Amino acid sequence: MTGVQTCALPISGDQQARPYVLVEASENPIINLCNASFGAIVCHAHRVQPLYLVDGLRDRSIRRVLASYHPDACFVSTTNPRYLLARFWTFFLALRAWLGLRTPRDILEFRVDGIKFGDIIYDNTLVRGYATVRQVDRDVFSVLRNFYLHRHIINDLIKRYRLDCFVVAHTIGMFGGTFSRYLLKHGIEVINRVGSHDIHIQKYRSLADLGFYPAKPERHHFEHMMALPDAVVLPMANAYLDERHNQRVSHIAVELAFNRNKRFFERRQDFCQVTGLDPVKKTAFVMLHAFNDHPHSHFARPLAFQDYFDWFERTLRVAETVDSVNWVFKEHPAASLYPVKDVDLHAIFAKVSKPNILFLNAEADFNAFSIRFLADVIVTCLGTAGMEYACVGIPCLLGGESPYSGFGFTIEPENAEEYDDYLRHLGRLDRLTAEQIKAAKIVMYFELPMMHSARYLFCPEYDYRQIVQITQAKVLADAAEWMNGADPDALSRQVEVLSGFLTDPGRSQFIDFDRHPFMRESPRAGVARVAGA
């Protein structure tokens with residue numbers, strides 16, 4: 001362990017001259033572990049020193065762990081006394097903003113300092129346990145007050161420290177979203193490090209970059225993979241899709257959706273006989289979302305609806321007028337992880353009397369592998385189902401930007417009215433062409449197995465159950481045991497590989513070339529984005 005500096009007090013001119021990487025110190029012990037080690041790698045690559053941003057300075061054991069990754073580690077606290085006055089006067093800033101908002105849609109238009117923040121305010125209100133925002137109430141005021149405090153802190157840090165870059169696990173949410181936008185406005189690079197034992201890295205260099213999903217292939221990578229001989233990627237994509245649908249992939253949504261203990265339907269007639277639907281009609285599967293999982297903050301393109309619940313309500317209203325199609329509304333398999341207190345889907349569908357509309361809740365005896373044999377079209381906003389079933393030729397109607405939109409195999413209405421029109425004429429949609437299916441498979445393979453295969457050697461391997469339940473003490477014990485058994489040469493090589501990526505201005509999306517050598521020749525054009533991203 002090394003000594004611990006606390007840079008919470010006013011700093012000297014010498015300290016101001018030194019460049020820092022601002023590193024998020026999260027409440028999640030795994031994120032803490034990964035950010036600390038990755039922050040040290042950034043320091044090595046950029047020749048800077050780490051500045052850990054923590055909620056408090058009292059837990060010295062955690063600070064010592066963070067500091068052990070770099071001899072010049074420095075800390076700054078959001079609970080520093082210098083911010084006490086700000087906690088008082090941000091009340092009045094929030095109150096003034098709150099009084100100026102009349103409707104929930106006004107929230108989405110909220111801007112400060114020329115930067116859009118309405119999506120963050122709205123989504124952080126939903127996080128409090130809501131499927132939708134029905135009025136500008138005290139919850140909205142509380143979120144606004146939190147925003148103004150974060151705004152004050154990051155602008156204070158920008159003024160007091162020479163920040164080279166920012167390492168953060170999420171660019172959504174109040175902390176990551178607010179800090180990232182102000183830093184980018186000042187030309188400070190944001191490095192989005194996602195994952196634990198597998199690692200995604202996306203570099204953002206301007207406000208225009210935000211909203212590009214970290215796992216989404218940049219345009220030049222997509223075009224490179226499409227130009228490869230079919231024998232290079234497509235067999236691996238087909239093999240992964242088979243593993244995924246047969247529940248041989250460790251992921252919470254996969255295990256829940258493709259549960260082999262649930263009923264599998266290979267014939268439409270059997271499914272319709274059990275559910276009472278008409279086997280002659282075309283069938284649309286409407287894949288519902290976790291309503292409060294940040295509907296506005298993930299992507300650059302504004303959602304055409306007020307939120308995911310508004311999208312659902314609008315879809316249901318149209319479905320009730322279209323008798324020529326079977327409508328199967330499927331609840332998100334992990335909906336229980338995103339509880340809401342203002343909406344009861346069972347109560348909503350209890351009032352729907354149309355024989356061609358079916359609701360499958362998350363506990364229904366239904367294996368989602370059946371969808372590839374039952375669906376004529378997928379309707380969703382961003383659900384993975386739209387991409388994976390496009391791989392077998394099923395068209396997908398999107399209600400908003402997704403990690404796989406913009407590649408030519410999805411239907412992407414310009415607005416809500418055009419979306420409604422597509423819903424009314426779903427029966428006219430054809431199966432995807434061979435070229436569209438290939439594009440879907442390329443994007444699916446890039447986003448799922450490829451971007452989840454970059455092993456991060458500085459973190460023990462955890463599954464999602466452990467990530468949810470693990471304690472700080474257990475992570476530290478695991479990390480100590482893991483590093484004692486690690487291969488020093490492999491660790492050193494990874495440091496150099498990651499450093500090479502971090503200092504390469506032509507690359508903004510990390511790809512493990514050792515695992516995917518066919519990507520080595522992909523053009524180095526890191527600023528290229530897919531249209532609409």
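Report follows, based on the coordinates. (Residues numbered from 1 in each chain as written. Predicted model: local features only at pLDDT ≥ 70, side-chain atom pairs only at ≥ 80, totals over all residues. Heavy atoms only, no water.)

With respect to the nonpolar core
- Among the nonpolar cores identified, the biggest contains 57 residues, and Met 225, Phe 271, Phe 285, Ile 371, Ile 378, Tyr 389 and Phe 409 are the most heavily contacted of them.
- Tallying contributions element by element places helix H18 (residues 434–450) first for this core, with 9 residues.
- In terms of nonpolar packing, the next biggest core, distinct from the first, is built from 50 residues, Val 76, Leu 108, Tyr 122 and Ile 153 among them. (Core = buried A, V, L, I, M, F, W, Y, C linked by side-chain atoms within 4.5 Å. Buried < 20%, exposed > 50% of the residue type's maximum accessible area, 1.4 Å probe, protein only. Helix = DSSP H or I, 4+ residues; strand = E, 2+ residues; numbered from the N terminus.)

Re the pairing of strand S8 (residues 189–194)
- Burial analysis of S8 places 5 of its 6 residues in the buried class, which makes it a mostly covered element.
- Of the strand pairs in this sheet, strand S7 (residues 162–168) and S8 are connected by 4 bridges, and their pairing is parallel. Bridging from a neighbouring strand, Val 168 pairs with Asn 192 of S8.
- Taken together, S7, helix H8 (residues 174–185) and S8 constitute a β-α-β crossover, and its handedness is right-handed.
- Sheet analysis places S8 next to strand S9 (residues 200–204), joined by 5 bridges and oriented antiparallel. Within S9, the residue paired with Asn 192 across the bridge is Gln 202.
- Joining the antiparallel neighbours S8 and S9 is a turn of 5 residues, in which Gly 195 adopts a positive phi near 105°. (Pairing = 2+ DSSP bridges. Right-handed = clockwise from strand over helix to strand, strands pointing away.)

Focus on a nonpolar patch on the surface
- Among the surface-exposed residues, Leu 85, Phe 88, Trp 89 and Phe 92 lie close enough to one another that they form a single nonpolar patch of about 440 Å² accessible area.
- On the secondary structure map, Trp 89 appears in helix H4 (residues 84–99).
- The partly exposed category is assigned to Trp 89, whose relative accessible area is 33%. (Patch = residues over 30% accessible without salt bridge, like charges linked within 9 Å, V, L, I, M, F, W, Y side chains within 5 Å. Areas by Shrake-Rupley, 256 points an atom, 1.4 Å probe, with all protein chains shown as cover. Salt bridge = Lys/Arg side-chain N within 4 Å of Asp/Glu carboxyl O.)

Observations regarding empty space enclosed by the protein
- Taken as a whole and assessed by the stated rule, the structure comprises 4 cavities of 30 Å³ or more.
- Lining the largest cavity we find 14 residues, and of these Arg 301, Leu 398, Gly 399, Gly 400 and Pro 413 sit closest to its centre.
- A per-class count over the lining of the largest cavity returns 8 nonpolar, 3 polar and 3 charged. (1 Å grid on protein atoms, 1.4 Å probe; cavity = no way out; pocket = protein on both sides within 12 Å on 5 of 7 lines; lining within 4 Å. Points joined across faces, edges and corners; volume = space filled by probe spheres on them. Nonpolar A, V, L, I, M, F, W, Y, C, P; charged D, E, K, R; others polar.)

Here we look at the layout of surface pockets
- For the second largest pocket, the calculated volume is near 340 Å³.
- Along the wall of the second largest pocket there are 17 residues; nearest its centre are Arg 493, Gln 494, Val 497, Asp 512 and Asp 514.

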